[in-house]
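Descriptive analysis of the structure
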Amino acid sequence: MPAPRVEIHFCPGCRWQARAAWMAQELLTTFGDALGEVAIVPAGSGIFEIHLDGKLLHSRKRDGGFPETKPIKQMIRDRIDPARGLGHSDR
């Protein structure tokens, strides 16, 4: 089974690359080698989305704003390793 792939789609025109890179760093710090890849993908106007293996976890437009790291980490954990503890992110 291939390792999970996270994609963070962002609008370069909105200058959200740093936000995407920060989210990628947070996910890599939390999950390490449990993730096969975290990709930062330039996308269309106003887009900021996070996908796990092609499934949309968060959309700025759909969900009303940028995601907090806690729910994103919990969603990823619940899909790739439900028994994994997330420390303070589980509180």
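Note that this is a predicted model, so its numbers are computed, not measured.

What counts and what doesn't
Residues numbered from 1 in each chain as written. Predicted model: local features only at pLDDT ≥ 70, side-chain atom pairs only at ≥ 80, totals over all residues. Heavy atoms only, no water. Phe/Tyr/Trp six-rings, centres within 6.5 Å; stacked < 30°, edge-to-face > 60°. Helix = DSSP H or I, 4+ residues; strand = E, 2+ residues; numbered from the N terminus. Buried < 20%, exposed > 50% of the residue type's maximum accessible area, 1.4 Å probe, protein only. Lys NZ or Arg CZ within 6 Å of the ring centre and 35° of its normal.

**Looking at the packing of aromatic side chains**
- Applying the stated criterion across every chain yields a total of two aromatic pairs.
- Judged by centre distance (4.9 Å) and plane angle (90°), the ring pair of Trp16 and Phe66 falls under edge-to-face. A residue pair is termed long-range when its members are at least 10 positions apart, and Trp16 in the loop between β1 (5–10) and α1 (17–31) and Phe66 in the loop between α2 (60–63) and α3 (69–80) qualify at 50 residues.
- When the centroid spacing of 5.2 Å and the interplanar angle of 75° are considered together, the rings of Phe48 and Phe66 count as edge-to-face. Placement of the pair is Phe48 in strand β3 (residues 48–52) and Phe66 in the loop between α2 and α3, with a sequence separation of 18 residues.
- Owing to a relative accessible area of 1%, Phe48 belongs among the buried residues under this scheme.
- Since its relative accessible area comes to 27%, Phe66 is described here as partly exposed.
- An aromatic cluster is built from Trp16, Phe48 and Phe66, whose rings are joined through pairwise contacts.
- Sitting over the ring of Phe66, Arg19 keeps its end group 3.6 Å from the ring centre.

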